[in-house]
Amino acid sequence: MNRAERRRQDKAADRALKSDRGRELAPLLSEGMAHHRAGRLQEAEHCYQRALELVPSHPEALHLLGLVAYRAGQLDRAVALLSEAIQGDPRNATYHFNLGVVQQRDARHEEASQSYRTAVTLDTGHVEAWNNLGNTLRQLGRIDEAIAAYERAVERKPDYVEAHNNLGVASKEQGLLERALASYDRALQLNPNHPETHWNRGLVWQELGRLDEALEAFETAIRIRPDYAKAHHSLGLVHLWQQRLDRAMPAFRRSAALQHDHQRPVSIGRLHRSRIKHDLEQAQYLMERGLLGPEHRDYLETLRELQKRAAWEESGSRYLQPEENESRAIAPSFNRLLHQPDCSALVGGALNPDLDVEEIERRYHAKKPEIMFVDHLLHDDALESLRRFCREATIWKRDYDNGYLGTFLGEGFASPLLLQISEELRLRFPRIFKNHRLNQAWAFKYDSELTGLNVHADAAAVNVNFWITEDAANLDPEGGGLVVWDKEAPKEWNFKEYNNVKNKHKIFEFLEAQGAEAVTIPYRENRAVIFNSDLFHETGRLRFKEGYENRRINVTLLYGYRSKDG
């Protein structure tokens, strides 16, 4: 919570002290808030619970207890406590605001937007609520409404740097790059040392192809905030675009290390059951090969216990909440880069030298919109090296509701070989990639029992999706690949609209209205699907063998920007 919110909490506490039992509550609430601000959450909770014993359902005690739950990562409990506080004091804008904060943290953006709307209705001058309302609306893809909320924030507080910065972000998402730059310039006039604004400004320069200005912006952001992982990642991309691979890799490694190779305590909330299963399988795989030392034995054993508990509990939920002792046992290893094998560039090249460039480019442009696939994409050595890297590297830190796990360019997935592949593709096939440069790369690893990506489109010009798990793992030779529809996402739809699982029905209604036909590309080892990124696509039906080495792995490379379709 920021200083303004702390002041509001203090004022709310003062009101509580004037209640019938105010004098008895005073020492408990004051002591609890002192513990709370010092990070002593158990002591703070004890004080607030004693206050509730004294005055059951006291709104401020419930509110503060909800904030403790939020700090502890207990988001469902925090929502319940803050909602109960609101029942006792429904006109308290701060309670609605903080409920929105928790809901937003839990990706419940629609609910958060309603909480923020209530807060600004009760207190039209609550600029943090206007700003956060803009953030949730932007997450929901309602960019016009988000811009209106940010504008209300800066109207009420013209020197509100965060709102000017966010107004720039929303403008960029609408493709209004000059307007975005104007908002960023205003934010930097107010605070020249605002690293997020320098970073965002650099993204606009990068999209405009003004790489020197982008480089300067990212370097400035890092100079102000050396641990700014996103800026290191962006710096790596600019170096890649300038063909300085020797500088790109250190930037990507620094980005990953800042996120996953630090000594800070790791807060572990609920875990997706598929994440537990994967991390256990990978830890066993690495231990068997002598790639993880005995110091990680407790990590492995705790994952085994969590996996057993996940199998026993029939809750219907895909998530599991670890006990406090379990969290402590896996915290030192859970979000660390425990092992990263060598994945060097290959002297003779990474792509298959026998690829027929002219024929592949002809096939790509023969169909409008563009959809095609290429078999035997990589040289055998490159395929094996990348496959080993994906199995051994402990970089799979993002888990998704459908049960697959992901890793991204700035989160540990970058390697000299991957960058070599990305550059060789665009240089080898100039009629496909034109002047488009790599702007993102990721890999997903799937559970044999669960589903893959839902229907979506990507914010780029050209999409390359290739598969690296052996064909023998796939139990369905006619499936397991990709389904691509032959109609482009409407130009007026923004990224959140065509990339949000909640818009699935809207997407299929659009495809049906357009008479779109699905192109199904079956899974094959070392097959690449190359297509127009505006096209909606989803993972085909999956049926792979059980076992860690049989997990389906796909690599995605995105080139260019959606607005630059020439």
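Let me begin by describing the structure that accompanies this report. (Residues numbered from 1 in each chain as written. Predicted model: local features only at pLDDT ≥ 70, side-chain atom pairs only at ≥ 80, totals over all residues. Heavy atoms only, no water.)

**As for the overall build of the protein**
At step 1: Secondary structure assignment for the protein yields 24 helices and 12 strands.
At step 2: Since a compact globule built from 566 residues should have a radius of gyration of about 24 Å, the 25 Å found for the protein is in line with a globular shape.
At step 3: With respect to the principal axes defined by its C-alpha atoms, the protein has extents near 85 × 55 × 50 Å.
At step 4: Considering the protein as a whole, with its 566 residues, one finds that 57% of them fall into the buried category.
At step 5: Here the contacts in the protein between residues at least 6 apart in sequence split such that 74% fall between residues at least 24 apart.
At step 6: Summed over all atoms, the accessible surface of the protein reaches about 24,900 Å², with 46% contributed by carbon and sulfur.
At step 7: Measuring between centres, the 78 positive side-chain charges of the protein sit 3 Å from its 85 negative side-chain charges. (Helix = DSSP H or I, 4+ residues; strand = E, 2+ residues; numbered from the N terminus. Rg over C-alpha atoms; globule rule 2.2 N^0.38 Å. Buried < 20%, exposed > 50% of the residue type's maximum accessible area, 1.4 Å probe, protein only. Contact = heavy atoms within 4.5 Å. Areas by Shrake-Rupley, 256 points an atom, 1.4 Å probe, with all protein chains shown as cover. Lys, Arg positive; Asp, Glu negative; His and termini not counted. Charge placed at Lys NZ, Arg CZ, Asp CG, Glu CD.)

**Focus: helix 14 (residues 229–241)**
At step 1: Between the first and last C-alpha of helix 14 there are 19 Å, a value that for 13 residues agrees with the 18 Å anticipated at 1.5 Å per step.
At step 2: Here the buried face of helix 14 lies against helix 12 (195–207), helix 13 (211–224), helix 15 (245–260), helix 21 (416–428) and strand 6 (438–445).
At step 3: Looking one or two residues beyond helix 14, the residue adopting positive phi is Gln243, at roughly 60°. (Expected span 1.5 Å × (residues − 1).)

**Some words on unusual backbone geometry**
At step 1: Residue Pro369 follows Lys368 across a cis peptide bond; omega there is -5°.
At step 2: Within the secondary structure layout, Pro369 lies in the loop between helix 19 (357–366) and strand 3 (371–374).
At step 3: In this structure, Ser57 takes a positive phi of about 65° despite not being glycine.
At step 4: Secondary-structure assignment places Ser57 in the loop between helix 3 (41–54) and helix 4 (59–71).
At step 5: Look at Gln243: it is not a glycine, yet its phi comes out positive at around 60°.

**Here's the deal with the sheet that holds strand 9 (residues 518–521)**
At step 1: As summarised here, the arrangement of the 3 strands in space is 9-8-11, forming an open sheet in which the pairing is antiparallel. At either end of the open sheet lies a strand with only one pairing partner, and these are strand 9 and strand 11 (535–539). Put simply, the sheet's adjacent strands are angled 20° from each other on average, direction ignored. (Pairing = 2+ DSSP bridges. Axes fitted to C-alpha atoms, helices over the stretch in contact; angles between N-to-C directions.)

**Focus: the side chain of His339**
At step 1: With respect to the element layout, His339 can be found in the loop between helix 18 (324–334) and helix 19.
At step 2: Accessibility expressed as a relative area gives 15% for His339, which makes it buried.

**Overview of the packing of aromatic side chains**
At step 1: As enumerated under the stated definition, the model contains 16 aromatic pairs in all.
At step 2: Ring geometry for Phe408 versus Trp442: centroids 5.4 Å apart, planes at 45°, classification tilted. Of this pair, Phe408 sits in strand 5 (residues 405–408) while Trp442 sits in strand 6, and the two are 34 residues apart along the sequence. For the pair Phe408 and Trp442, a shared accessibility class is recorded, and that class is buried. (Phe/Tyr/Trp six-rings, centres within 6.5 Å; stacked < 30°, edge-to-face > 60°.)

**Some points on the nonpolar core**
At step 1: The biggest cluster of nonpolar side chains holds 72 residues, and the ones touching the most others in it are Leu425, Phe466 and Leu557.
At step 2: With near-sequence residues (within four places) excluded, Leu557 lies in contact with Leu418, Ile421, Ser422, Leu425, Leu438, Gln440, Ala441, Val462, Asn463, Val464 and Phe466.
At step 3: Core analysis: the next-biggest nonpolar cluster, separate from the first, contains 50 residues, Leu29, Leu67, Val127 and Ile147 among them. (Core = buried A, V, L, I, M, F, W, Y, C linked by side-chain atoms within 4.5 Å.)

**So, the packing of helix 16 (residues 273–288) against helix 20 (residues 380–392)**
At step 1: Closest axis-to-axis distance for the helix 16/helix 20 pair is 9 Å, and the angle between their directions is 115°. Classed by the angle they form, the pair helix 16 and helix 20 counts as roughly perpendicular. On the side of helix 16, the interface is formed by Gln282, Tyr285 and Leu286, while helix 20 contributes Cys390, Arg391 and Glu392.
At step 2: For the contact of helix 16 with helix 20, the residue count by class is 3 nonpolar, 1 polar and 2 charged. (Parallel < 35°, antiparallel > 145°, perpendicular 65-115°, else oblique. Nonpolar A, V, L, I, M, F, W, Y, C, P; charged D, E, K, R; others polar.)

**Here we look at the pattern of salt bridges**
At step 1: Summed over all chains, the structure comprises 40 salt bridges.
At step 2: Here Glu145 and Arg117 are joined by a salt bridge, their closest N and O atoms 3.0 Å apart. Of this pair, Glu145 sits in helix 9 (residues 143–156) while Arg117 sits in helix 7 (residues 109–122); the two residues are 28 residues apart in sequence, bridging distant segments of the chain.
At step 3: Judged by its relative accessible area of 34%, Glu145 is partly exposed. (Salt bridge = Lys/Arg side-chain N within 4 Å of Asp/Glu carboxyl O.)

**Here's the deal with the sheet that holds strand 6**
At step 1: Reading across from one edge, 3-10-7-12-6-5-4 is the order of the 7 strands in this open sheet, with antiparallel pairing throughout. Only two strands of the sheet have a single neighbouring strand rather than two, namely strand 3 and strand 4 (398–399).
At step 2: Across 4 bridges, strand 5 lies against strand 6 in antiparallel orientation. Bridge pairing in strand 6 links Thr407 to Ala443.
At step 3: Contacts from helix 16 reach strand 4, strand 5 and strand 6, with the element oriented near 70° to strand 5.
At step 4: The sheet contacts of helix 19 involve strand 3, strand 7 (462–467) and strand 10 (528–532), and relative to strand 3 the element is tilted by about 155°.

**Observations concerning the environment of Leu280**
At step 1: Note on placement: Leu280 falls in helix 16.
At step 2: Overall, Leu280 belongs to the buried group, its relative accessible area being 9%.
At step 3: Sequence separation of Leu280 and Leu245 is 35 residues, and the distance between their C-alpha atoms is 34 Å.
At step 4: Setting aside chain neighbours within four positions, we find Leu280 in contact with Leu300, Leu303, Arg304 and Gln307.

**Looking at the packing of helix 7 against helix 8 (residues 127–139)**
At step 1: Running from N to C, helix 7 and helix 8 cross one another at 155°; their axes reach a closest spacing of 9 Å. By the angle between their axes, helix 7 is roughly antiparallel relative to helix 8. For the pair helix 7 and helix 8, the sense of crossing is left-handed. Side by side, helix 7 and helix 8 meet where His109, Ala112, Ser113, Tyr116, Arg117, Ala119 and Val120 of the first sit next to Ala129, Trp130, Asn132, Leu133, Thr136, Leu137 and Gln139 of the second.
At step 2: When grouped by side-chain class, the residues that make up the contact of helix 7 with helix 8 number 8 nonpolar, 5 polar and 1 charged. (Left-handed = near helix turned anticlockwise from the far one by under 90°.)

**Comments concerning the pairing of strand 6**
At step 1: When you tally the buried positions in strand 6, you get 8 out of 8 residues, the bulk of the element.
At step 2: Pairing of strand 6 with strand 12 (residues 553–559), which is carried by 7 bridges, proceeds in the antiparallel orientation. Looking at the pairing, Phe444 lines up with Asn554 of strand 12.

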